Amino acid sequence: MTTVTALRPEELNRNFAVGELQAMHLAGELTRHGIPGFEFYLPVGEFPSLETRAASLETLMRPGRTITGRSARWVHVGGPVPPHVELSRRSGTPLRVDEAVRCRFRRLKASDVMRLGGLVLTTPRRTALDLRREGFETEARMLDPLVDAVRPGSAAS
């Protein structure tokens, strides 16, 4: 028999029905993580990785969509879970999405976006810039080590 802790996060969330995952959560075997509406479960004591956080939002991806703002910050560095997913589109045409997703039009340059697995999101630099512009200085500072690590002209670039 395979134990829950032996399964990779994507296997855990794919191989069990939501009801089974919730029962294991109530029994203290799993913890729930993620943005409301896009939650996933991990064994107790295991914390979401960059890849796991990114994978939890992949179902939102369509051409022209980009994860931005506090959601992109959460994918990049973890920390406080935002109350909803922030999604930007290249098209100004209104998009009907459920209340777990906030969508808006935003022009992004190719240098402003990156891909993590199947997720397209703003780079740490662009994410920090957007967060500062929107008044989320504390969250923007969480990205500073990543921004500093890839600053043009630095040894890391």
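In what follows, the accompanying structure is described. (Residues numbered from 1 in each chain as written. Predicted model: local features only at pLDDT ≥ 70, side-chain atom pairs only at ≥ 80, totals over all residues. Heavy atoms only, no water.)

### With respect to the side chain of histidine 76
Note the cut-off: A helix here means a DSSP run of H or I that spans at least four residues, while a strand means a run of E at least two residues long, and both kinds are numbered starting from the N terminus. Only protein chains enter the calculation, and the probe is 1.4 Å; a residue is then buried if its accessible area is under 20% of its type maximum, exposed if over 50%, and partly exposed in between. Only heavy atoms matter for contacts: two residues are in contact if any of them lie within 4.5 Å across the pair.
By the element assignment, histidine 76 lies in helix α4 (residues 69-77). Note on histidine 76: relative accessible area 10%, which makes it buried. With residues up to four places along the chain from it excluded, the contact list for histidine 76 reads Leu50, Arg53, Met114, Leu121, Thr122, Thr123, Pro124, Thr127, Leu143 and Leu146.

### Thoughts on the nonpolar core
Worth spelling out the cut-off: Residues grouped as a nonpolar core are buried Ala, Val, Leu, Ile, Met, Phe, Trp, Tyr and Cys residues, joined through side-chain atoms within 4.5 Å.
Phe38, Leu57, Ile67, Val75, Val85, Leu119 and Leu121 are the most contacted members of the largest nonpolar core, which has 20 residues in total. The set of elements that each furnish at least two residues to this core consists of β2 (40-43), α4, β4 (85-89) and β7 (119-122). Sequence-distant contacts of phenylalanine 38, that is, excluding residues within four places in its chain, are made with His33, Ser56, Leu57, Thr59, Leu60, Val85, Ala100 and Val101.

### Re the pattern of salt bridges
Pairs may arise between side chains of opposite charge once their charged atoms sit close together. Worth spelling out the cut-off: Whenever a carboxyl oxygen of Asp or Glu lies within 4 Å of a side-chain nitrogen of Lys or Arg, that contact is scored as a salt bridge.
Using the criterion set out here, one finds 11 salt bridges in the structure. A salt bridge links arginine 106 to aspartate 130; its shortest N-O distance comes to 3.3 Å. Taken together, the positions of arginine 106 in the loop between β5 (101-105) and β6 (113-116) and aspartate 130 in helix α5 (residues 124-133) put the pair 24 residues apart, joining distant regions of the chain. Residue arginine 106 is classed as buried on the basis of its relative accessible area of 10%. Put simply, arginine 126 and aspartate 130 hold a salt bridge, and the shortest N to O gap is 2.8 Å. Remark: aspartate 130 and arginine 126 occur in helix α5; sequence separation between them is 4 residues, near one turn of the helix. You'll find arginine 126 and aspartate 130 in the same group, each marked buried. The structure contains a network of salt bridges with shared partners spanning Arg104, Arg106, Asp112, Arg126, Asp130, Arg133 and Glu134.

### Some thoughts on α4
Of all 9 residues making up α4, 7 are buried, and the element is well covered by its neighbours. Listing the buried residues of α4 in full gives Gly69, Ser71, Ala72, Arg73, Trp74, Val75 and His76. In the segment just after α4, glycine 78 is the residue with positive phi, at about 75 degrees.

### Let's talk about the pairing of β2
Put simply, the rule reads: We treat two strands as partners when DSSP finds at least two bridges between them.
The alternating pattern of β2 places Phe40 and Leu42 on one face and Tyr41 and Pro43 on the opposite face, and all of these are buried. In terms of strand pairing, strand β1 (residues 30-33) meets β2 through 4 bridges, oriented antiparallel. Bridging from a neighbouring strand, threonine 31 pairs with leucine 42 of β2. Linking two consecutive strands that pair antiparallel, namely β1 and β2, is a turn of 6 residues; a positive phi of about 110 degrees is found at glycine 34 within it.

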